[in-house]
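# Chains, contacts and geometry: an overview
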Amino acid sequence: MRRTSASLLAGTLVAALAWASGPSTPAVALDPSPGVADLTQDINQILGDSRLTIARAGVVVKSAANGEQLYATDAGKLLTPASNTKLFTSAAAVETLGLDYRFPTTVLNAGRKAGSVLTGDLVLRGTGDPTMLAEDYDALAAKVAAAGVKVVTGKLIADDTWFDGQRLGTDWAWDDETAYYAAPISALTASPDRDYDAGSVIVSVEADAGQVKVSTTPATDYLKIVNKATVGAETDVLIERQHGTRTVVITGTVADPYQEWVAVDDPTAYVSSLFRKALAAHGVRVLGPTATGAAPAGAAELARHDSMPLSELLVPFLKLSNNMHAEILTKAMGRKAANQGTWSAGLKVATDFAKANGVQVINMRDGSGLSRRDGFSPGSIVQLLTAVRTKPWFSTWYEALPIAGNADRLTGGTLRSRMRNTPAANNVHAKTGSLTGVTSLSGYVTSAEGEPLVFSIMLNQYLSGSPKDIEDKIAVRLAQFSRATATDVTAQLKAADQGTAGDLECSWLKPAQC
């Protein structure tokens, strides 16, 4: 058995104690000034909430100005981050791909064109663009027609080989397979809206002349709709795709219009159907079947669509906590760094970036935080948030984070209904995170004296009653922080109770609540 020296053991113990306080021991002031002592006492009191008695709570607060740690409890404990994972994914993506990065989607001639006839195959090649809409595929089809192609004698080939064939995260819950927030990942995909919920379709129902009318956005016959719903006195309807199929079953009663976002089973096949339909609408007939495969070398480009730059995509990605953007960017990083559009290659890029920037405790299993095997410590999150402040792209990334209490949907994002009418409103820039029994909030806030602070709050394993208001109270208290004097926070902490989100953030509540 290998022997460990006493000095090494002692050093390890000291490091561990420096990173983690006891789970039931309130933090003590790290600075003797009255303001810091008062802050410590108030956060301890907030964390004394009965909902956290059997839960795990890790909180770290540091000054971004001088690196001083102002508060820490369980700073080094590995906790489930939920969507706080996106802080790491987005930062690594900007660093690796660049703010100007765009996803190209192209149509290629893999045959020989003579007049209006293309003898051979037509290839649709994707690189993962999550912002592609049905109208974008229609525009590509129009360009093919404008190039003079009327007949394709071969196949329509969907080339999704930019990424690998693994569609779902290995740790994702099986019952999320049909949910839009866990849609399968493909290099060819489509979104039904300008939130860019890639890989999903909106299914809408309404009462019409005594019957339930069903429609989809975009209009598509890819899904098989089985409508068992009836008109009733109230809307109590379930719209659900059956696992592993294209069949959507609708049951219940409908009084008022209602819609649900549903993940498709195969984004590549779905996109192929959209594009073939668009080609036909523009007078381009493809005589052969649809197939998948890589475009042959030397295939000539007929049409091209480039996505918005990553600097713009960060807004719907981070503000609305879009899981698919996170996973697509993860695979895009892998493709850029290792020529492998895989989760493993992309996650290596993200973790290498984090470690290069001083992050000590990290376990990334996906890019979005859907996996319950993702693990970070609040101390590690604060390390990342501190390190990226020196990056040339920081201001763009910082503005893309949700902003507390700002009612504009693409400004406030998942924090727009929280901390309104408090000193934290339009001050806190932070990433939310939600899973059942998990909530987290990590980001930046400016104190009452103008001092920039970095914080991470991670609450795990609570059983009932969302503790998001606890996060809000701490963030509001940080916005009031003054080093020189104690602060009377009672009124503002009560205000933080109002306008706090429920158990889940808006990214999980698509149809009506957000």
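Residues numbered from 1 in each chain as written. Predicted model: local features only at pLDDT ≥ 70, side-chain atom pairs only at ≥ 80, totals over all residues. Heavy atoms only, no water.

## Points about the sheet that holds strand E13 (residues 258–263)
- The strand order across the open sheet formed by three strands is E8-E7-E13, and the pairing between neighbours is antiparallel. The sheet is open, and its two borders are formed by strand E8 (211–217) and E13, each paired with just one other strand. Direction aside, neighbouring strands of the sheet carry axes that sit 25° apart on average.
- Two strands pair when backbone bridges link them, and strand E7 (residues 200–208) and E13 are joined in this way by six bridges, in the antiparallel orientation. Pairing of Ser200 across the sheet is with Ala263, part of E13. (Pairing = 2+ DSSP bridges. Helix = DSSP H or I, 4+ residues; strand = E, 2+ residues; numbered from the N terminus. Axes fitted to C-alpha atoms, helices over the stretch in contact; angles between N-to-C directions.)

## A look at helix H7 (residues 323–338)
- Under the 1.5 Å per step criterion, the end-to-end length of H7 is 23 Å for 16 residues, consistent within 8% with the ideal 22 Å.
- In terms of residue burial, H7 counts as a mostly covered element, since 13 of its 16 residues are buried.
- For H7, the side-chain oxygen to backbone nitrogen distance between the N-cap and Met324 is 3.0 Å, and the N-cap itself is Asn322.
- Positioned one or two residues after H7, Asn339 has a phi angle of 60°, which is positive. (Expected span 1.5 Å × (residues − 1). Buried < 20%, exposed > 50% of the residue type's maximum accessible area, 1.4 Å probe, protein only. Polar contact = N/O pair within 3.5 Å; in protein donor to acceptor, adjacent residues only side chain to side chain.)

## Describing the pairing of strand E3 (residues 104–114)
- Of the strand pairs in this sheet, E3 and strand E16 (residues 300–306) are connected by six bridges, and their pairing is antiparallel. Opposite Thr105, over in E16, you have His305 as the bridge partner.
- In this structure, E3 lies alongside strand E4 (residues 117–125), joined through nine bridges in antiparallel fashion. From the neighbouring strand, Leu108 faces E4, where its bridge partner is Val123.
- Connecting E3 to the antiparallel partner E4 that follows it, the hairpin turn spans two residues, and Gly115 within it adopts a positive phi of roughly 65°.

## With respect to the pattern of salt bridges
- Counted under the stated rule, the structure contains 23 salt bridges.
- Note that Asp42 and Arg477 form a salt bridge whose closest N and O atoms lie 2.6 Å from each other. With Asp42 in helix H2 (residues 34–47) and Arg477 in helix H12 (residues 468–479), this residue pair connects regions lying 435 residues apart in the sequence.
- The buried category is assigned to Asp42, whose relative accessible area is 11%.
- Overall, Arg477 belongs to the buried group, its relative accessible area being 0%.
- Residue Lys155 pairs with Asp121 through a salt bridge whose shortest N-O separation is 3.7 Å. Taken together, the residues Lys155 in the loop between strand E5 (151–152) and strand E6 (156–159) and Asp121 in strand E4 connect sequence positions 34 residues apart. (Salt bridge = Lys/Arg side-chain N within 4 Å of Asp/Glu carboxyl O.)

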